[in-house]
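Close look at the chain arrangement
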Amino acid sequence: MKAIILAAGIGVRLKPLTEDKPKCLLIVGGKSLIKRIVENLYRENIVDISIVMGYKKEMVINDLKDYKINYIVNKNYTKGNALSLFLAKDKLNDEVLILDGDVLFHQDILKILINSKHKNCVLIDQKFKDTGEEMKIIVNKGRVDKIGRSVHKSCDLFGEGVGIVKLSKQAALKLKDYLESLYSQGLIDKDYEDVLNYVFKDFNFGYEQIRDLPWIEIDFVDDYNKAKKYILPNILAMQEKKILTLQCLL
């Protein structure tokens, strides 16, 4: 399994925190967001990792100098991240995870997705407050219908997308086709989730709920403060509890 991390953006809504660094390099608990994502992938034996960079890309490379990473540069990083994914299209030739580079998440969230019986799968958090900024997912009859910020709630299940998607080889190749078609038409300036909606129509996408596992997408300064004060401490506490439980069993 491969992984593509989209981390080219500036993080305008996080200024002044991103005046001198991209938002994927925001430090939470002594490590950058991007390093925590890479470490989580390595723990799951996913080492074929591509990162699409843009804003202050040299800083990203330096932060991850201890890891073997395939770096892809998006010079037009102010556009939607569908362009970033298009630039990584050569990696859409096998089973793949697509991850946003601004998400802090518990390790077990990744395990849930990787181990899901669904070859094509999204992660859903039903416990969220809809502010209009979140990428919402609607599900009908067990199948993902749509993802977007303004999707309606008339469905069997409704929740926030966690920012990690798993695709089979066939779905990844179809996504590549759609990206290439949009690029040729000059219509690539959009969120990659908008392109996923085309793939949802061609393939049966399942979903997994993350239950009470902590995570957060960091778009605003308040998100960053919450990540430091609540989310990371919760992640670490749950991990420590898990370690102690295993030690007791041994």
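Before any of the text, the structure's been laid out above.
All figures in this text were calculated on a predicted structure; none of them were measured in a lab.

Time to look at the packing of aromatic side chains. As enumerated under the stated definition, the model contains 6 aromatic pairs in all. With a centroid separation of 4.1 Å and an interplanar angle of 15°, the aromatic rings of Phe86 and Tyr183 are classed as stacked. Pair noted here: Phe86 is in helix α3 (residues 81–87) and Tyr183 is in helix α5 (residues 169–184), with a separation of 97 residues, a long-range link. On the basis of relative accessibility, which here comes to 9%, the residue Phe86 falls in the buried class. Overall, the relative accessible area of 43% leaves Tyr183 in the partly exposed class.

With that settled, consider the environment of Cys121. Mapping Cys121 onto the fold places it in strand β8 (residues 121–125). Assessed through its relative accessible area of 0%, Cys121 is described here as buried. Taking the C-alpha atoms as reference points, Cys121 and Leu92, 29 residues apart in sequence, are found 16 Å from one another. Once you skip the residues sitting within four places of it in the chain, Cys121 turns out to touch Leu113, Ser116, Val165, Lys166, Phe205, Gly206, Tyr207 and Glu208.

Parameters at a glance
- Residues numbered from 1 in each chain as written.
- Predicted model: local features only at pLDDT ≥ 70, side-chain atom pairs only at ≥ 80, totals over all residues.
- Heavy atoms only, no water.
- Phe/Tyr/Trp six-rings, centres within 6.5 Å; stacked < 30°, edge-to-face > 60°.
- Helix = DSSP H or I, 4+ residues; strand = E, 2+ residues; numbered from the N terminus.
- Buried < 20%, exposed > 50% of the residue type's maximum accessible area, 1.4 Å probe, protein only.
- Contact = heavy atoms within 4.5 Å.

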